[in-house]
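Now for the letters of each chain:
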Amino acid sequence: MTSQFLIKNTMADMRSLSVCEIMALQSGCFTGVQLLGYYEKGDTPAPIVYFLSTTPGDDDGGSIIETGSIKLEHKFIGELNVKYFGAKGDGTHDDTSAIQSTIDYAPINSEDSGVISPKGFANGFNVQIPRGRYKVSSTIMLKRGLNIKGASLESTQLLSFTPGSVIKYSDEGRYIQDEIKISDLSIWQDTTVTATNGAAIMLDYGSTTVYSMKLMVDNVYIEGTYDGITAVALVGSSIKNVFVSKCVRHGIYIPMTIGNNSASSTSLTLYNCYTSINGGDGVRIIKGAYISLVGCASDSNVGYGYHLQEGLGHSLYCCGCEENKSGNIFLSACRGIALNVTSLLSIINGEVHGIIINQSHNITISGYARSGETNTGYAVNIPLNGGIVDLSNLSSEGPWQIKRVNTGVLVRDLRNAFVSKDGLFALNGNTVQPGKLLSIVGFLPDTVKTSVENIASFTKADSVRNVNHFVQSVVSDNSESYPLLVSNYTGVAVKGTSASVQKFASNYIVESNIGGAANANMMIDAQSGTVPAGNWNIYSESQRKSYFKGSLVLGASNGSEVMGGNGSPEGVITAKVGSIYINNSATSSLDSLFIKDNGSSNIGWLPFVPMRQAATTDNAAADPGVTYTQSEVMAILTELRDLKTKLRNAGILAS
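Residues numbered from 1 in each chain as written. Predicted model: local features only at pLDDT ≥ 70, side-chain atom pairs only at ≥ 80, totals over all residues. Heavy atoms only, no water.

**Some details on the packing of aromatic side chains**
Following the criterion strictly, the structure yields 13 aromatic pairs and no others. For the ring pair Phe85 and Tyr105, a centre distance of 6.1 Å and an interplane angle of 50° mean the geometry is tilted. With Phe85 in the loop between β6 (79-81) and β7 (90-94) and Tyr105 in helix α3 (residues 96-105), the pair connects residues that are 20 residues apart, well separated along the chain. For the pair Phe85 and Tyr105, a shared accessibility class is recorded, and that class is buried. Each residue in the set Phe76, Tyr84, Phe85, Tyr105 and Phe125 is aromatic and connected to the rest through ring pairs, giving one cluster. (Phe/Tyr/Trp six-rings, centres within 6.5 Å; stacked < 30°, edge-to-face > 60°. Helix = DSSP H or I, 4+ residues; strand = E, 2+ residues; numbered from the N terminus. Buried < 20%, exposed > 50% of the residue type's maximum accessible area, 1.4 Å probe, protein only.)

Here you go:
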């Protein structure tokens, strides 16, 4: 027999079943009730069927419906839609209860003994929020394992009328990660309600002590809430294609501690995120490890664009920041941070710094920086530091400098980013602690004659040659300092007193090939005043000999060698085939040069005899007749003997 369904257009109709309709359902005349819509016919994705049920569950407005003396139930599998639980999405009806009921329906499996999952696994439902504007008047609490998905960033909008969090999950303490997915929607704070706490998306600590959550947010817009996204204890998570604007405090906030609970985040990636015009920082991350920001931008925030505190191994790659009122990037007590950024301050007035590095070390910065004439801050401000700062290829425009106080760190590759308006490199008059090493490695413009001059405890560096300088200054324990100028010119390369002079041999040269004039990667200048045109690897005007005690390896680290010594190398010197050995104790050219002809050990060396032209031989033998006579044969033999003698004399034939 074909199933017969009682047809109802709306939920109100189904809740108003007559006594006869209920009896028909109980007697089996109708298999179930087919519902065509919730508030009106066709306003749900598709008709669904409810069946008589003895479930102990309460009426939830979507899956379980009580009508008269019976309960009707529809069991959703895998896919949930808030429309089936009564959400209207018209911007005025309060949809909080309907959305919460949809989420609450998604079951969590019961606890399995013997499985390292104390509360059972989540079922992984997809909660669909279709096109519409959904009014939310209180915090929506999530369950783990859910995928909250809208139709698109523009078409699914949650309108917050709550001063606190809009969507929240409290960690239930998993041995495996609690998983939350949110995508393709926007969250807006209504202008009639001021946000005072929480976040649009909030992941907080629960009642347990084991914390680990996996948050995946994609294609989400947030505006006006207290924080945009606040999340703790994230592992292997991603926040991508997210735009956060005009929040009361931070755009994206990854703290370690909320209340009395603490857990750091690790292996989190922010990809293609934009934070702007927020009342605090655009992105703030406290502690944590190995957090990456890729292709992000943070502009016009009241705080910093990016604020990293006590982080380890974080990186910003191809990120930008502009016009943040407190500064673009602030690193505090961080270690091992890599920044590849563009930092722009064009309209911010006063002493606002582009990048601030405070008590941090092993920091690498590259990219581009620019400031306006009204900004008196610095491209990089290092108020207090204790490690290495590498400004590799950080180029700049405008009157930016670098400011340092009480530090002993390496600053590399300054180029023209830190040249002040008067063309002088500046350390801003601050004193470097005695016993610390301050190394400034890089190139200043051709117009700069003075690299370091009368600044704190530094002595005046060379100011005669109008060349690019590569400066390293060592501050000794007795506050004396010595400049070391290398690359183009080396002078006074000593440390301490003459009795404790150390040898320096640590020049690092990246090969360059510039123009057609006289260029050399390494040059020894005898002050002749003339250098031949061309691009040289090593050019020396010195008349002194160059001494190499070791061998010269050609082509590759394990290639053939050119070496020297006393006596024959055969049975003594091990080298690669093709190697050349010069015998310094040779008495003639016949034993002065050897070449490794074969073998991989210390044998196979052959003398390399110079090729000479043999003396002319007589051609006295007459042309033979049809048959050779004895005299003709003897004449030929005489010529051959003469040829052999002259070949031996020339060193071509062995004696």
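**Looking at the sheet that holds strand β46 (residues 605-607)**
A sheet is described by the order of its strands in space; here five strands give the open sequence β42-β43-β44-β45-β46, paired in mixed fashion. Lying at the two open borders of the sheet, with one neighbouring strand each, are β42 (552-553) and β46. Sheet analysis places strand β44 (residues 580-583) next to strand β45 (residues 593-596), joined by three bridges and oriented antiparallel. Bridge pairing in β45 places Ile582 opposite Leu593. (Pairing = 2+ DSSP bridges.)

**Regarding the sheet that holds strand β1 (residues 5-8)**
The five strands lie next to each other as β1-β2-β3-β5-β4, forming an open sheet whose pairing is mixed. For this open sheet the edge positions go to β1 and β4 (64-67), each flanked by a neighbour on one side alone. For this sheet, the mean angle separating the axes of adjacent strands, direction not counted, is 30°. Where β4 lies against strand β5 (residues 70-73), four bridges are found, and the strand directions are antiparallel. (Axes fitted to C-alpha atoms, helices over the stretch in contact; angles between N-to-C directions.)

**What about the side chain of Ser165?**
Relative to the assigned elements, Ser165 resides in the loop between β12 (156-160) and β13 (167-170). Separated by 3.1 Å, the side chain of Ser165 and the backbone nitrogen of Ala199 make a polar contact. The contacts of Ser165, once residues within four sequence positions are left out, are Thr139, Asn197, Gly198, Ala199 and Met202. (Polar contact = N/O pair within 3.5 Å; in protein donor to acceptor, adjacent residues only side chain to side chain. Contact = heavy atoms within 4.5 Å.)

**Topic: a nonpolar patch on the surface**
On the surface, a cluster of nonpolar side chains totalling about 600 Å² of accessible area is made up of Tyr628, Val633, Met634, Ile636, Leu637, Leu640 and Leu643. For Met634, the position within the fold is in helix α4 (residues 630-649). When its relative accessible area of 43% is taken as the criterion, Met634 is described as partly exposed. (Patch = residues over 30% accessible without salt bridge, like charges linked within 9 Å, V, L, I, M, F, W, Y side chains within 5 Å. Areas by Shrake-Rupley, 256 points an atom, 1.4 Å probe, with all protein chains shown as cover. Salt bridge = Lys/Arg side-chain N within 4 Å of Asp/Glu carboxyl O.)

**Some remarks on the environment of Asp171**
In this structure, Asp171 sits in the loop between β13 and β14 (178-189). As for Asp171 and Tyr205, which are separated by 34 residues in sequence, their C-alpha atoms are 5.1 Å apart.

**Structural notes on α3**
When you tally the buried positions in α3, you get eight out of ten residues, the bulk of the element. For α3, the full list of buried residues reads Thr96, Ala98, Ile99, Gln100, Ser101, Thr102, Ile103 and Tyr105.

**Considering the nonpolar core**
Counting residues in hydrophobic clusters, the biggest one holds 93 residues, and the most contacted among them are Ile239 and Leu293. The element contributing the most residues to this core is strand β16 (residues 213-223), with five residues. In this view, Leu293 contacts Leu270, Val283, Ile285, Tyr306, Ser315, Leu316, Tyr317 and Cys319; residues no more than four positions away in its chain are not counted. Membership of the second largest hydrophobic core comes to five residues, among which are Met563, Tyr581, Phe594 and Trp605. (Core = buried A, V, L, I, M, F, W, Y, C linked by side-chain atoms within 4.5 Å.)

**Let's talk about the confidence of the model for the protein**
With 71% of its residues at a pLDDT of at least 70, the protein reaches an overall mean of 77. When the criterion is pLDDT under 50, residues 112-118 qualifies, and its contacts beyond four places in sequence or with other chains add up to eight contacts. (pLDDT = per-residue confidence, 0-100.)

**With respect to the environment of Thr266**
Structurally, the position occupied by Thr266 is in strand β22 (residues 266-271). Along the chain, Thr266 and His314 lie 48 residues apart, while their C-alpha atoms are 9.4 Å from each other. Not counting residues within four places of it along the chain, the set of residues in contact with Thr266 comprises Leu234, Val235, Gly236, Ala289 and Tyr290.

**Here's the deal with the pairing of strand β18 (residues 235-245)**
For β16 and β18, the ladder comprises seven bridges, and the chain directions are parallel. Within β18, the position partnered with Glu223 by the bridge is Ser245. In the sheet, β18 pairs with β22 via five bridges, with the strands oriented parallel. From the neighbouring strand, Ile239 faces β22, where its bridge partner is Leu270. Where β18 meets strand β23 (residues 274-276), three bridges bridge the pair, whose relative direction is parallel. What sits directly across from Val244, in β23, is Thr275.

**Section: the pattern of salt bridges**
This model, assessed by the stated rule, comprises six salt bridges. A salt bridge links Lys8 to Glu21; the nearest nitrogen and oxygen atoms lie 2.8 Å apart. With Lys8 in strand β1 and Glu21 in helix α2 (residues 19-27), the pair connects residues that are 13 residues apart, well separated along the chain. When its relative accessible area of 14% is taken as the criterion, Lys8 is described as buried. Accessibility expressed as a relative area gives 19% for Glu21, which makes it buried. Among the ionic pairs, Asp204 bridges to Lys168, the shortest N-O distance being 3.8 Å. Here the residue Asp204 occupies a position in strand β15 (residues 199-204), and Lys168 occupies one in strand β13, the gap between them amounting to 36 residues. On the basis of relative accessibility, which here comes to 11%, the residue Asp204 falls in the buried class.

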